[in-house]
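Examining the three-dimensional arrangement
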Amino acid sequence: MIIVSCPVIAEAQTEWKDNYVTLAVNDQTNPSIARPSNEEYTIIVWEDTRDPYSWHTDIYAQKIDNKNGLPMWSPPDGVPVCTAGGNQKNPRAAYDSLGNVIVVWEDFRNDSSNAAIYANCLSVSDGSANQSWASNGTVVCSTRSHAERPRIAGGIDGSYIAWVDWRNSSTMNPDSANRDIYLQYLNSSDGNYPRGGSYVWAPNGVLVPGSSRYDDTNVELERDFHCDAENRDGVILVYQSKRDTSTYTSEPIFAVYANRFDAHGNSSWPDLRCANYHEEQVLPQIRVLGRYGSPGDTLATIVWMDERNDPDIPTYDIYGQQISRYQPVITSGSPTGLVVCDQSNTQRYPELSLYERPYDPAHQISYLARVVCVWEDLRDVGSNGIDVYTATLDGVTAALANPSGTTGEPVSFQSGDQTQPRVDNFLLDSDAYFVWRDGSSEDGTDDGWDIWYQSMELISRMFYLTEGTGKAVTVAKNGQTNPQAGGNVFVYADRRRDVITDDEQHDWNIYAETPGECVGDKY
C-alpha cells in the first residue's frame, strides 16, 4: 500500500470540460493514440461509420492541442485516413523522425472475410496525406489469406509494422491454426519498402524466423535505437508461440519469444525464449531502453501472463524478463522469468510504460529507467470485483522498485469492476498516468461504465499524486469505454449523447480529457 505523507500536488494543466474529439454522425469507436505520446499535442485514430451510404467502417484521425484540447487539423470532426470500400478496423499509429505519423489497420476492401494490412502516412503539421502513397492507403500485406492485429513502431525515416498472418495455415480455427508473424518496413517518403543493396525486405513482409513451424500470435514490437553500424534504428518483437508442452497437462502450450531485426530486414538473433518454464505464457508486452544513448541502456523489459502457479484451474500471474538489446541473452539472472505479481486468483492483461532519465555528467545526474506495469487483478473478485494494480521495475537491474514488491500496488480497488487499464508517461516526465474503465453495468451493456484515472511519481517517493482510489475523468450518462492514455491525455469512446432526442450524434463518439474533477453528471 502506498502512503501519501505530503500535500497532493496540483495538476499543472487545466482540465478541458466535456471535450469531444469528434461528434460525427453514426459511430466512432476503438480509439488509439499515436506513439510515443507527445507533450504538445495528441494524434488520435479511430474506426468511423459516418458514411451514410455504405455503413462500412472507415479510419479517421485528429490532432488535438494538449493545452486546450482543441482540434488542430481541418475538418474538426477528423480527417479521413481511409474511406475505401469494405471495412477498415483496428488502427494503430506511430511517429517517424521526419514529421509524419503513419497509421496501419486491418482492411477488408477486397475480401469481406479475410483482411489485408494497409497503411497511410499523414503530415503531423496539417494532417494531409502523403501524395506519394496510394490513395486510401498503401498495401503492407495482401495475400488473399487473413492478416490481423497489426502493430507499429516508428523509425528514423519510416515505420516497422508487424502482424499475425494466416497465409501458411490450412484452417481458420485458432485452436489448430498455424499462424505466423510477419514484419515490414515502409519508407515515409513513398510508402515502399527499402530495396536493393543489402536490403532483404520483400512484398508482403518477411517471416520472423522460427515462426513458420508453429502457431504464433499476439505480437508486440518496440523501436530499438541506434542498433547497427550505420546508427539506424531496428526493432525488437515479442510474441507467443505454441512450441512447448505443458508439464501438467501434456498439451501444446504457448511460450513467449523475442526477436530483433535491423533496418535492412535481417534478423539479428535466433528466436530467444524469454522464460524456460513449461506452463503457458501469453499476451507479452515489451519496452526497450536506449532513446538517449546513456550508459546502461542496453536492455529491454518484457512481461506476460503466466500460468505456472496454477495450471489446473487455470489462473494467471504476471511474470517478466530482461534481455539484452544487442544479443539473444537473458540478463536478469533468472532463466525461468521474474515474478512481477503472483497473488491469489488471476492477474491479467498487463500494459507497460517506460520512463528514462538521461545521463547528464555536467549536472551529476545518473541514468535511470523505470518500467511501469499495470494489470487487471482478480484477487478480491468475489467480494470487491476486479481491481487495478501496478508494479514498477528498474529498467537496468530488473528489480521491482515499488514498495510492496510482488504484492503490487493498488491503483484502484473500489467496489465493482475496474477494467481496461492503460498507463503512459511523456518521454521526459517521471509522472505515470493510469486510466481505466470503472463501474459495472446492471443490464449487460456499456451503460454503467465511467472513466477514472490515477497518477504516480516514479523517481523519489513512488507516491500517488491523487488521493484514495483515483479520480473520475468522466461519469457522463450512458457509458464510456476503451480508454487510452497519452501521457496525461485520456481518450475514450463515449455514448453520452444517446439520451438527447432527435440528435444525429446519439451514438458512440470520441472524447478526450486531462486530469481534473468529474466533468459530468451521470444521472
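Quick look at the structure, then. (Residues numbered from 1 in each chain as written. Predicted model: local features only at pLDDT ≥ 70, side-chain atom pairs only at ≥ 80, totals over all residues. Heavy atoms only, no water.)

So, the pairing of strand E23 (residues 368-377)
- The buried fraction of E23 is high, at ten of ten residues.
- Alternating residues of E23 divide into Leu368, Arg370, Val372, Val374 and Glu376 and Ala369, Val371, Cys373, Trp375 and Asp377, and every residue in both groups is buried.
- Where strand E22 (residues 347-357) meets E23, nine bridges bridge the pair, whose relative direction is antiparallel. If you follow Ser353 over to E23, its bridge partner there is Val372.
- Summarising the sheet, E23 and strand E24 (residues 387-394) pair through eight bridges and their orientation is antiparallel. The residue of E24 that forms the bridge with Cys373 is Ala391. (Buried < 20%, exposed > 50% of the residue type's maximum accessible area, 1.4 Å probe, protein only. Helix = DSSP H or I, 4+ residues; strand = E, 2+ residues; numbered from the N terminus. Pairing = 2+ DSSP bridges.)

Quick word on the pattern of salt bridges
- Enumeration according to the criterion identifies 20 salt bridges in this entry.
- Note that Glu220 is salt-bridged to Arg149, the shortest N-O span being 3.2 Å. Taken together, the residues Glu220 in strand E14 (residues 216-224) and Arg149 in strand E10 (residues 147-154) connect sequence positions 71 residues apart. With respect to burial, Glu220 and Arg149 carry one shared label: buried.
- A salt bridge links Asp271 to Arg243, with the nearest nitrogen and oxygen atoms 3.1 Å apart. With Asp271 in the loop between strand E16 (252-261) and strand E17 (272-273) and Arg243 in strand E15 (residues 234-245), the pair connects residues that are 28 residues apart, well separated along the chain. Assigned by exposure class, Asp271 and Arg243 land together as buried. (Salt bridge = Lys/Arg side-chain N within 4 Å of Asp/Glu carboxyl O.)

Description of the sheet that holds E16
- Strand order in this open sheet of four strands is E14-E15-E16-E17, and the pairing throughout is antiparallel. Each having just a single partner strand, E14 and E17 make up the two edges of the open sheet.
- Judged from the nine bridges that link them, E15 and E16 form a sheet pairing that is antiparallel. Directly across from Asp244, in E16, lies its bridge partner Ile253.

Examining empty space enclosed by the protein
- Taken as a whole and judged by the stated rule, the model has two cavities of 30 Å³ or more.
- The space that makes up the largest cavity amounts to roughly 90 Å³.
- In terms of lining, the largest cavity is formed by Asp107, Arg109, Asn110, Asp111, Asn114, Ala115, Ala116, Tyr118, Ser142, Thr143, Arg144 and Ser145.
- For the lining of the largest cavity, the residue count by class is three nonpolar, five polar and four charged.
- Volume-wise, the second largest cavity comes out at about 30 Å³.
- If you trace the second largest cavity, you find it lined by Ile156, Asp157, Tyr160, Tyr185, Arg232, Asp233 and Ala263.
- A class-by-class count of the residues in the lining of the second largest cavity yields four nonpolar, no polar and three charged. (1 Å grid on protein atoms, 1.4 Å probe; cavity = no way out; pocket = protein on both sides within 12 Å on 5 of 7 lines; lining within 4 Å. Points joined across faces, edges and corners; volume = space filled by probe spheres on them. Nonpolar A, V, L, I, M, F, W, Y, C, P; charged D, E, K, R; others polar.)

Some points on the environment of Arg35
- Note that Arg35 resides in the loop between strand E2 (28-33) and strand E3 (41-48).
- Sequence separation between Arg35 and Ile152 is 117 residues, and the spatial gap between their C-alpha atoms is 8.8 Å.
- Separated by 3.4 Å, the side chain of Arg35 and the backbone oxygen of Ile33 make a polar contact. (Polar contact = N/O pair within 3.5 Å; in protein donor to acceptor, adjacent residues only side chain to side chain.)

Quick word on the state of the cysteines
- Across all of its chains, the model carries zero disulfides by this definition.
- Unpaired in terms of disulfides, Cys121 finds its nearest cysteine sulfur in Cys82, a separation of 14 Å.
- Note on Cys121: relative accessible area 0%, which makes it buried.
- The cysteine Cys274 is free of any disulfide, with Cys373 supplying the nearest cysteine sulfur at 14 Å. (Disulfide = S-S within 2.5 Å.)

Description of the sheet that holds strand E5 (residues 79-82)
- Strands sit in the order E2-E3-E4-E5 across an open sheet of four strands; the sheet is antiparallel. Bordering the open sheet on either side are E2 and E5, each of which pairs with just one other strand. Within the sheet, the average angular offset between the axes of one strand and its neighbour, ignoring direction, is 35 degrees.
- Where E3 meets strand E4 (residues 58-65), eight bridges bridge the pair, whose relative direction is antiparallel. Of the residues in E4, the one forming a bridge with Thr42 is Ile64. (Axes fitted to C-alpha atoms, helices over the stretch in contact; angles between N-to-C directions.)

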